[in-house]
Amino acid sequence: ETGVTQTPRHLVMGMTNKKSLKCEQHLGHNAMYWYKQSAKKPLELMFVYNFKEQTENNSVPSRFSPECPNSSHLFLHLHTLQPEDSALYLCASSPQSGGDQPQHFGDGTRLSIL
Amino acid sequence: GESVGLHLPTLSVQEGDNSIINCAYSNSASDYFIWYKQESGKGPQFIIDIRSNMDKRQGQRVTVLLNKTVKHLSLQIAATQPGDSAVYFCAENQYSGAGSYQLTFGKGTKLSVIP
């Protein structure tokens, strides 16, 4: 149990579907992150939220839309995705963003785009 | 450009032997490093971290060594067990501009333990 829970664990969707990924952390952290993990590539940071405010958007296409209603919950809304978006999407949290603190990860959502 | 990388993509060790996983970094200004372990079907799990004012840090069966002179980081696992089989990543806390820092990850080394 990592303290960071992601749902669903697996998701298959067509390119015209709209779906959302959910992340919840029970660690009392104030920063939350979305990462994309593709085969044979390093983890790619997508978004950072600190105290519910988005502080980083690493040039992510607008078909990915994050939402952070409070410090414990993070969503990633998906719309009109492409086959190359198939990957493992990981959520992480840390006490605050940036700085020298470890991030704690969930087990990810495996996303497949048909 | 600045990057975090790994010398070996795969490593096979006999159960009971010690394992050493290496990581090279190129940003001399980085001051914080982390090692993660990722098992199949799971997210990365924090193992140990080290700050640049240290050159060695020990945990339970793991030791991280930092050599700032050659910009090298290593993870040593003592008495490797089958449960240690996983992909290991190093991560570097790197300045990303506008007062922000981001963790930059290497591609990972796959450790396989032979029973």
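As shown above, the structure is provided for reference.
Now for a quick tour of the structure. Note that the coordinates shown come from a computational prediction; the quantities given were computed from them, not determined experimentally.

The subject of this paragraph is the packing of aromatic side chains. For the structure shown, the criterion picks out nine aromatic pairs over all chains. Judged by centre distance (6.1 Å) and plane angle (75 degrees), the ring pair of Phe105(A) and Phe105(B) falls under edge-to-face. In this pair, Phe105(A) sits in strand β10 (residues 104–105) while Phe105(B) sits in strand β10 (residues 100–105), so the two residues belong to two different chains. By the burial criterion, Phe105(A) is buried, and Phe105(B) matches it. Seen from their ring centres, Tyr36(B) and Phe46(B) are 6.4 Å apart, and the 75 degrees between their planes marks the pair as edge-to-face. Pair noted here: Tyr36(B) is in strand β4 (residues 32–38) and Phe46(B) is in strand β5 (residues 45–51), with a separation of ten residues, a long-range link. According to the relative accessible area criterion, Tyr36(B) is buried, its value standing at 0%. Here the aromatic cluster, defined as three or more aromatic residues joined through ring pairs, consists of Tyr33(A), Tyr35(A), Phe105(A), Tyr36(B), Phe46(B) and Phe105(B).

The next subject is the pairing of strand β11 (residues 109–114) of chain B. Residues and elements named next belong to chain B. The side-chain alternation of β11 yields one buried face, formed by Thr109, Leu111 and Val113, and one unburied face, formed by Lys110, Ser112 and Ile114. Of the strand pairs in this sheet, strand β2 (residues 10–14) and β11 are connected by five bridges, and their pairing is parallel. When the sheet's bridge partners are listed, Gln14 is paired in β11 with Ile114. Across three bridges, the pairing between strand β9 (residues 86–97) and β11 is antiparallel.

All names here are of chain A. With eight of eight residues buried, strand β9 (residues 87–94) is to be regarded as a mostly interior element. Side-chain alternation along β9 places Ala87, Tyr89, Cys91 and Ser93 on one buried face and Leu88, Leu90, Ala92 and Ser94 on a second face that is also buried. Across seven bridges, strand β4 (residues 31–37) lies against β9 in antiparallel orientation. Opposite Lys36, over in β9, you have Tyr89 as the bridge partner. The sheet contact formed by β9 and β10 spans two bridges and is antiparallel. Among the inter-strand pairings, Ala92 is bridged to a residue of β10, identified as Phe105.

Criteria and cut-off values
- Residues numbered from 1 in each chain as written.
- Chains lettered and ligands numbered in written order.
- Predicted model: local features only at pLDDT ≥ 70, side-chain atom pairs only at ≥ 80, totals over all residues.
- Heavy atoms only, no water.
- Phe/Tyr/Trp six-rings, centres within 6.5 Å; stacked < 30°, edge-to-face > 60°.
- Helix = DSSP H or I, 4+ residues; strand = E, 2+ residues; numbered from the N terminus.
- Buried < 20%, exposed > 50% of the residue type's maximum accessible area, 1.4 Å probe, protein only.
- Pairing = 2+ DSSP bridges.

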